[in-house]
Amino acid sequence: MGSGRVTLVGGGPGDWDLLTLRGARALQEADVILADHLGPAAQLDNFMDLTGKEIIDVSKLPYGKQVAQERINALLVEHARAGRAVARLKGGDPFVFGRGYEEVEACAAAGVPCSVVPGVTSSVSVPAAGGVPVTQRGVAHSFTVVSGHLPPGDARSLVDWDALARVGGTIVVIMGVRNVRAIAEALIDAALPPTTPAAVIQNGETPAQRTFRSTLADLPDLFERESVGSPAVYVIGEVAGLAHA
Ligand SMILES: C[S@@+](CC[C@H](N)C(=O)[O-])C[C@H]1O[C@@H](n2cnc3c(N)ncnc32)[C@H](O)[C@@H]1O
């Protein structure tokens, strides 16, 4: 196997300068970079010479989602076994809804050394890019980050939406564009006030960033009115209504 190894690198939400220095170093030292479309993949030449490096855009692997992850795992192992330093560049943080641990497990199963460089997660940085702090003294003493990729009531969902409505603090929803109406309705049905402030930030930390304010009740209509698409993060809670938010 030689010196082959894999480094999972959290790339942050968009702009390349939100990469960590450790992440940038891992990318500079890599022979092969497997990159997702979210994060700074298109801006690698801002901070390094790409000559001699192989860049593989794994967001374009031509298979269904499930198979694609298996294919990514296989590519990581294959390149590392050939003695290459492999960097796996992911959006945000590798372990926040990033399937990073599946890649760690694949490397471990194959006996390939693997390390992880954390990244700036969109669940905190994208609200901040829209002027929304996920906590604020005297306003929110907790924040809950939840995946909205499955709607409330879906038997496969691991989220307790009723409990979420009661837990207080800030709710940050990622991957929740398609299910925004079902999510807002479930939270209101579970007694979260419809007037609760909400904010949505699309394409955070990119030149295409858009930010909107709303209430929980109006959030789904706002998505329709403004044609909000992925990637977007929405924040539900008093912090979204702060004066300078
Ligand atoms: C598969 S998850 C990956 C999250 C990532 N691991 C992280 O820590 O940010 C992708 C979701 O993150 C959110 N996201 C990531 N980058 C974003 C950005 N620049 N602007 C808005 N939302 C973003 C969106 O909700 C998107 O659907």
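Everything quoted here is computed from the prediction, not taken from an experiment.

Enquirer: Any details on the pattern of salt bridges? Residues and values, ideally.
Expert: Counted under the stated rule, the structure contains nine salt bridges. Here E103 ties to R88 by a salt bridge, and the two come within 3.1 Å at their closest N and O atoms. Pair noted here: E103 is in helix α3 (residues 100-110) and R88 is in strand β4 (residues 85-90), with a separation of 15 residues, a long-range link. Under the relative-accessibility criterion, E103 is labelled buried at 0%. K90 is paired through a salt bridge with E103; the nearest N and O atoms lie 3.1 Å apart. Residue K90 is found in strand β4, and its partner E103 is found in helix α3; the two are separated by 13 residues along the sequence. A single burial state applies to K90 and to E103, both of which are buried.

Enquirer: Break down the packing of helix α2 (residues 65-81) against α3 for me, with residues and values.
Expert: If you want to describe how two helices pack, look at the angle between their axes and the distance between the axes. At their nearest, the axes of α2 and α3 sit 10 Å apart, and the two run at 45 degrees to each other. On the basis of the axis angle, α2 is oblique to α3. Judged by the twist between their axes, the crossing of α2 over α3 is right-handed. Residue-level contacts link Q69, I72, N73, L76, V77 and R81 of α2 to E102, E103, A106, C107 and A110 of α3. Split by residue class, the contact of α2 with α3 holds six nonpolar, two polar and three charged.

Basis of the calculations
Sequence order as written defines the numbering, with residues in each chain counted from 1. Under the rules for a predicted model, residues below a pLDDT of 70 receive no local features and side-chain atom pairs below 80 are neither given nor counted, while totals for whole chains, interfaces and linings still include all residues. The basis for the side-chain values is all heavy atoms of the structure; hydrogens and waters are excluded. In what follows, salt bridge is the name for a side-chain nitrogen of Lys or Arg lying within 4 Å of a carboxyl oxygen of Asp or Glu. A run of H or I in DSSP counts as a helix once it spans at least four residues, and a run of E counts as a strand once it spans at least two, with each numbered from the N terminus. Remark: exposure states derive from per-residue accessible area (1.4 Å probe, protein chains only) relative to the maximum for the residue type, with buried under 20%, exposed over 50%, and partly exposed in between. A fitted line through C-alpha atoms serves as each axis, taken over the contacting stretch for helices, and the angle formed by two N-to-C directions is quoted from 0 to 180°. By the definition adopted for this analysis, an angle is roughly parallel if under 35 degrees, roughly antiparallel if over 145, roughly perpendicular if from 65 to 115, and oblique otherwise. In this scheme the crossing of two helices becomes right-handed for a clockwise turn of the near helix relative to the far one and left-handed for an anticlockwise turn of less than a right angle. Should any heavy atoms of two residues lie within 4.5 Å, those residues are considered in contact. Basically, the charged four are Asp, Glu, Lys and Arg, the nonpolar ten are Ala, Val, Leu, Ile, Met, Phe, Trp, Tyr, Cys and Pro, and anything else, Gly included, counts as polar.

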